[in-house]
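Residue-level listing of the chains:
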Amino acid sequence: MPAEAGAAGAPATTRFRPPPWLATAALLLPSYAWLTLAVLLPLGTMFAFSFLEATPLGNRPVEWTLRHYRAFHDQPYLLGVAWTSLSIGLWTTAICAVVGFATALALVRATAGRSRETLLILLLLPFWTNGLVRVFSWTMVIRGGGFLDVAARSVWPDAPSLGFLYTQPAIVLGLVHGYLPYMVLTCYIALLAIDDAVIEAAMSLGARWPTILFRILVPLAMPGLVTGAILIFVPVIGAFMEPRILGGRVGVTMGTVIEDQFTQAFNWPLGSALAFTMLAVVLGVFATFSGVLRRTAQA
Amino acid sequence: MLRIARLYIALVLVFLYLPIVVMAAMGFNASPLYALPFEFSTRWYQDLAGNDRLIEAGWNSIWLAVLTSVLATVFGTLAALALWRRSFRGRNLLRILLLPPIAIPWLITGTAMLVFFFWTGIGRGLHAMLIGHVALAIPYVVLVVGTGLQTMRADLEEAAMSLGSTPVHAFFRVTLPLLLPSIVGAALFAFAVSLDQFVISYFLSVPGMTTLPVEIYSAIRKGFTPEINAISTILLVASMIIILGFARFARPGGLGDSR
C-alpha cells in the first residue's frame, strides 16, 4: 500500500493545491472529531467514574475505589440477575439461529428472482422500525384477554387464558421478534455463497436431506450463523426496555439494573462499573469468536 | 418440499407482522380498554390532534432527525471519500474506529454520554441528543457511501483530472452525480436511525425536551390508551416508507444504471 502517497513531492501544478495529507485530514476531521466527542471521550469518562467512591456532586471530595467492581461479590443477588440476562441472551440467540437459518434456507432454495428480493425486504423491514413500538405491540397480543386469547376463544369458547405477558418467555419472544432479521440476513448471505453443485454432488452420491443439512449446509454457513449470533447476543444482554415492558416484575436484568443506577438510584459509579463489566463480556465475545470466524473462513 | 418452505416463510412473516397489525388495528378500535369486538373509530387519531405534548415531541423528533441526517451525511461522506479514495497510514484503524457506535450496546453508549455530558457541563436536552444521534449515524453513512464508492469506477475522476479538472471540480462534476443515489440512501438511513432512536434519547432527555419514542415509553410505563397505538402506527409507517426509499436509492443496481 503506498502509504502517504506523494506526501513529499506532489508535482507542482499551475494552481495551488494543498498537500494531500492536509486534504485527507480535512476530510476525516469532522467525523472523527465528532465520534471522539460523543463516543470515545464519554466511554473514557465513564471508565474513570467507575473507580469513584460516589457520584461527584457539590463539593464532596473525590475518593477513588475499586469496590464497585466487587459488586457481584458484595451483592450476591446480582449473580442471579446476571444469570437471568445470560439465559435470556442464550435462549434468544438459539431460537433466532434455528428460525433464522431455516428462513434463510427456505429463501435461498425455494424462491428466486423478484419474489425472493421482495420477500427479503419484507423480512428485513421490521428491523428498521422502532424497536420500542414493536415491543409495545406484543403486549397487545399476549396480555390476558389480548389478541391471542380472542383468537383461541373464537375456536374454543372456554379456552383458558393463554396470555403470558410479564414472564421470561414473553421477554424472549419480544427479543426474538426484534433481532431475528439479523440472523436471516447473515445466514442468507452465507447460504447464497454455497455452490449448488456441491449439493447436487451429495444427492447424486445418495446423501439424504439430514446429511446434506448437517454435513454441508450448516458447516458451510457457519460464518453466517456465528456473525448473526454475535450481532444478536451482544445487544440482547444489554437490553432494558424489552424486559421492563414485557417482563414487568420478573424483568430484572443487567440492563435494567444498570439503567436504575443512572435514572433511579443515582449511583453512577456502580452503574459505570457494571456497564464496563458488561462491555468486557461483549469484547470477550468478539475476541473469542473473531478467531472462530477466521478459522471457519479459512477452512 | 418447495411448498413447505414457502409456507414456512409465510409463517415467519406472520410472526413478524402480526403484532404490528394488531397494534395498528387497536388504534382504530373505539374501546379505551382495548376491549373487543372491534368497533371502528378514528377517535384516538382525533385525540392525538389535541395532544400538545405528543405533537411537540413529534416535532422534536422530526427536527432532530433532519439535522442528524444533514450533519451525518455531510461529515460521513467526506470521511468515506478519504477512507475509500485515498491511501494513508492508519486507514484500517480508522475504519475499525467506526465500529464502537454500532457494536457497543446502546445502553452503555447512552449512559456514557450521560456521564460525560453532565461532567463537562454540556448537559442534557435536544442539543445533547443531536450530538449523540449524529455520532450513531456517521458510521452507517460512511459504510453506505463507502460501498457506493467501491462499486463506482475511480478512473472516471482520474480521467476528468487528467483532462485538466481540479480535484474539487472533478468531485462536483463527476463523483458527486454518480454517488448521489448512495448519498441520498445514506441520508434516509441516518434519518431513520435518528427517528427510531430511543435508548440514547432516553438517557439524554429532560422533561419538556423529549422525542416521540421517549414520550411513548413513559406513556407505556404509566398506563396507556389507544392514542399511543395511533402515534406508534404513524411512527412505524413513516420509518417503513423511509427505509423502502433507502432500499430504492442505495441498491447497487441503481448505481450501475446511472453510469
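Residues numbered from 1 in each chain as written. Chains lettered and ligands numbered in written order. Predicted model: local features only at pLDDT ≥ 70, side-chain atom pairs only at ≥ 80, totals over all residues.

In plain terms, the rule: UniProt positions are given in the numbering used here, feature names are shortened, and annotations may be inferred rather than shown by experiment.
As annotated in an unreviewed UniProt entry, chain B carries the name Permease protein of polyamine ABC transporter and comes from Lutibaculum baratangense AMV1. The heading Subcellular location (unreviewed entry) in the UniProt record of chain B holds the text "Cell membrane". Of chain B, the UniProt comment under Sequence similarities (unreviewed entry) reads exactly: "Belongs to the binding-protein-dependent transport system permease family. CysTW subfamily."

By the naming in an unreviewed UniProt entry, chain A goes by Permease protein of polyamine ABC transporter and is assigned to Lutibaculum baratangense AMV1. As recorded by UniProt, the Sequence similarities (unreviewed entry) comment attached to chain A reads in full: "Belongs to the binding-protein-dependent transport system permease family. CysTW subfamily." Quoted straight from UniProt, the Subcellular location (unreviewed entry) entry for chain A says "Cell membrane".

## Here we look at the overall build of chain A
Where we set the bar: Numbering of helices and strands starts at the N terminus; helices are DSSP runs of H or I of at least 4 residues and strands are runs of E of at least 2. As a reference, a globule follows 2.2 Å times the number of residues to the power 0.38, and the radius of gyration itself is taken over C-alpha atoms. Whether a residue is buried, exposed or partly exposed follows from its count of other C-beta atoms within 10 Å of its own C-beta, namely 20 or more, 12 or fewer, or something in between, respectively; the C-beta atoms are built from the backbone. We call two residues in contact when their backbone-placed C-beta atoms lie within 7 Å.
Broken down by element type, chain A carries 13 helices and 0 strands. When the helices and strands of chain A are read in sequence order from the N terminus, they spell out α-α-α-α-α-α-α-α-α-α-α-α-α. Against the 2.2 N^0.38 benchmark of 19 Å for 299 residues, chain A shows a C-alpha radius of gyration of 25 Å, more extended than a compact globule. Referenced to the eigenvectors of the C-alpha coordinate spread, the extents of chain A come out at roughly 75 × 60 × 35 Å. Buried positions account for 38% of the 299 residues belonging to chain A. The long-range fraction of contacts in chain A, counting pairs at least 24 apart against all pairs at least 6 apart in sequence, stands at 67%.

## Brief notes about the UniProt feature "transmembrane region" (unreviewed entry) in chain A
Residues and elements named next belong to chain A. The positions UniProt marks with the feature "transmembrane region" (unreviewed entry) are residues 21–52, 88–108, 120–141, 170–191, 212–241 and 273–293. Secondary structure over residues 170–191 splits into 100% helix and 0% strand, and the C-alpha atoms at its two ends are 30 Å apart. Counted over residues 212–241, helix gives 87% and strand 0%. Its end C-alpha atoms are 40 Å apart.

## Here we look at the UniProt feature "transmembrane region" (unreviewed entry) in chain B
All names here are of chain B. According to UniProt, the positions carrying the feature "transmembrane region" (unreviewed entry) are residues 7–28, 62–84, 96–119, 125–149, 170–193, 199–218 and 230–250. In residues 62–84, helix accounts for 100% and strand for 0%; the two terminal C-alpha atoms are 31 Å from one another. Counting secondary structure, residues 125–149 comes out at 96% helix and 0% strand; the distance between its end C-alpha atoms is 36 Å.

## Topic: the UniProt feature "domain: ABC transmembrane type-1" (unreviewed entry) in chain A
According to UniProt, the feature "domain: ABC transmembrane type-1" (unreviewed entry) maps to residues 82–289 of chain A in the numbering used here. The annotated region residues 82–289 of chain A carries 78% helix and 0% strand content, and the separation between its end C-alpha atoms amounts to 21 Å.

## Observations regarding the confidence of the model for chain B
Residues and elements named next belong to chain B. Our working definition: Confidence of the predictor at the level of single residues is given by pLDDT, which spans 0 to 100.
Looking at chain B, pLDDT values average 87 and 96% of them are 70 or higher. When pLDDT is averaged over each element of chain B, helix α10 (residues 199–204) comes out on top at 94 and helix α13 (residues 252–257) at the bottom at 39. For the stretch residues 252–259, pLDDT sits under 50, and the model shows 11 contacts to residues farther than four places along the chain or on other chains. Scoring the predicted complex yields pTM 0.86 and, for the interface, ipTM 0.86.

## Structural notes on the interface of chain A and chain B
The condition that has to hold: Residues are sorted three ways: Asp, Glu, Lys and Arg are charged, Ala, Val, Leu, Ile, Met, Phe, Trp, Tyr, Cys and Pro are nonpolar, and all the rest, Gly among them, are polar.
Each partner contributes residues to the interface: chain A has 69 residues there, and chain B has 65 residues. The biggest single contributor to the side of chain A that touches chain B is helix α1 (residues 20–49) of chain A, with 18 residues. Looking at the side of chain A that touches chain B residue by residue, the classes come out as 51 nonpolar, 13 polar and 5 charged.

## Points about the nonpolar core
One broad trend across soluble globular proteins is that nonpolar side chains are buried collectively. The line we're drawing: The nonpolar core criterion groups buried Ala, Val, Leu, Ile, Met, Phe, Trp, Tyr and Cys residues into a set whenever they are joined through C-beta atoms within 7 Å.
Counting residues in each nonpolar core, the largest one holds 148 residues, and the members touching the most others are Cys 187 of chain A together with Met 113, Ile 138, Val 141, Ala 190 and Ala 192 of chain B. In terms of residue count, the dominant contributor to this core is helix α7 (residues 168–192) of chain A (15 residues). Filtering out sequence-adjacent residues up to four positions away, Met 113 of chain B remains in contact with Ala 38 and Pro 42 of chain A together with Gly 132, Ile 200, Phe 203 and Leu 204 of chain B.

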